[in-house]
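# Commentary on secondary and tertiary structure
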Amino acid sequence: MIILILSWYGMEAVHEFGHVIHARVAGGTVNSVSIPLWGISCTHIKPNPYPVFVVWGGPIWGSLIPITFWLVVRKYFRQLFFSNAVAFFAGFCCIANGAYLGFGWMDHVGDAGDLLREGVSVGWLIGFGMIACVSGLTIWHVWTKELRKKSVGQAVPDEF
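Computed from a predicted model, the values in this text were never measured in an experiment.

### Section: the nonpolar core
A general trend in soluble globular proteins is that nonpolar side chains are found buried together. Residues M11, W70, F92 and I139 are the most contacted members of the largest nonpolar core, which totals 17 residues. Elements represented by at least two residues in this core include exactly helix 1 (2–26), helix 2 (51–76), helix 3 (80–104) and helix 5 (122–151). Broken down by element, this core gets its largest block of residues, nine residues, from helix 3. In this view, M11 contacts F89, F92, C93, A96 and N97; residues no more than four positions away in its chain are not counted. In terms of nonpolar packing, the next biggest core, distinct from the first, is built from 10 residues, L101, L115, L125 and A132 among them.

Next up, the structure:
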């Protein structure tokens, strides 16, 4: 349960960091970032000269940073608890960001609502959602496959 809670707040932090990266690149001014104990995180940017670019930064980097972290840990670290936690976190971030956009368009909530208001097609949101969710499930599949092999004492091949 602790890993799940930490993954939620970590996912929100990485997601908001993605908005901050894109806002800075776009020339926007980040006024604040909030990650509340209860509720959904938010980055406040004003002025925001390229809102679509800034909004996409959250889910894109919110997925890519954890995937990259997982790949590095998987290659260079063998501490079991740490590598398992990172694998869970990376999959969780991909699924959360994918579901956020892939289903968020139905209620026009959060980033999905912002993108729709800016004229982005629902197809882009569903497409990103599918790719991100499948990526997260693939990470979890690879991770659990490695766990099963380790539990029966088999060598873990360096595939994927």
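Past the structure itself, the notes keep going.
### Here's the deal with the packing of helix 1 against helix 2
Interaxial distance between helix 1 and helix 2 falls to 6 Å at its minimum, and their mutual angle equals 130°. Looking at the two axes, helix 1 sits oblique to helix 2. You can see that helix 1 and helix 2 cross each other, and the crossing is right-handed. Two secondary-structure elements touch here, helix 1 through V14, H15, F17, G18, H19, I21, H22, A23, V25 and A26 and helix 2 through F53, V54, V55, W56, G57, G58, P59, W61, G62, I65 and P66. In terms of residue class, the contact of helix 1 with helix 2 is built from 14 nonpolar, seven polar and no charged.

### Examining the packing of aromatic side chains
For the structure on display, the rule yields seven aromatic pairs. With centroids separated by 6.1 Å and ring planes inclined at 80°, the aromatic side chains of F69 and F82 adopt a geometry described as edge-to-face. You can see F69 sitting in helix 2 and its partner F82 sitting in helix 3, a full 13 residues away along the chain. Given a relative accessible area of 38%, F69 falls into the partly exposed group. Using a relative accessible area of 34% as the deciding quantity, one classes F82 as partly exposed. The interplanar angle of 15° and the centroid separation of 5.4 Å between the aromatic rings of F88 and W140 together place this pair among those described as stacked. With a gap of 52 residues between them, F88 in helix 3 and W140 in helix 5 connect regions that are remote in the sequence. Exposure remark for W140: the relative accessible area of 23% places this residue in the partly exposed category. Among the aromatic residues, ring-to-ring pairing joins W8, F88, F92, W140 and W143 into one connected group. Seen from the ring of Y76, K75 lies directly overhead, with NZ or CZ sitting 5.9 Å from the centre.

Quick notes on the rules
- Residues numbered from 1 in each chain as written.
- Predicted model: local features only at pLDDT ≥ 70, side-chain atom pairs only at ≥ 80, totals over all residues.
- Heavy atoms only, no water.
- Core = buried A, V, L, I, M, F, W, Y, C linked by side-chain atoms within 4.5 Å.
- Buried < 20%, exposed > 50% of the residue type's maximum accessible area, 1.4 Å probe, protein only.
- Helix = DSSP H or I, 4+ residues; strand = E, 2+ residues; numbered from the N terminus.
- Contact = heavy atoms within 4.5 Å.
- Axes fitted to C-alpha atoms, helices over the stretch in contact; angles between N-to-C directions.
- Parallel < 35°, antiparallel > 145°, perpendicular 65-115°, else oblique.
- Left-handed = near helix turned anticlockwise from the far one by under 90°.
- Nonpolar A, V, L, I, M, F, W, Y, C, P; charged D, E, K, R; others polar.
- Phe/Tyr/Trp six-rings, centres within 6.5 Å; stacked < 30°, edge-to-face > 60°.
- Lys NZ or Arg CZ within 6 Å of the ring centre and 35° of its normal.

Remember that the coordinates give geometry; whether it matters functionally is a separate question.
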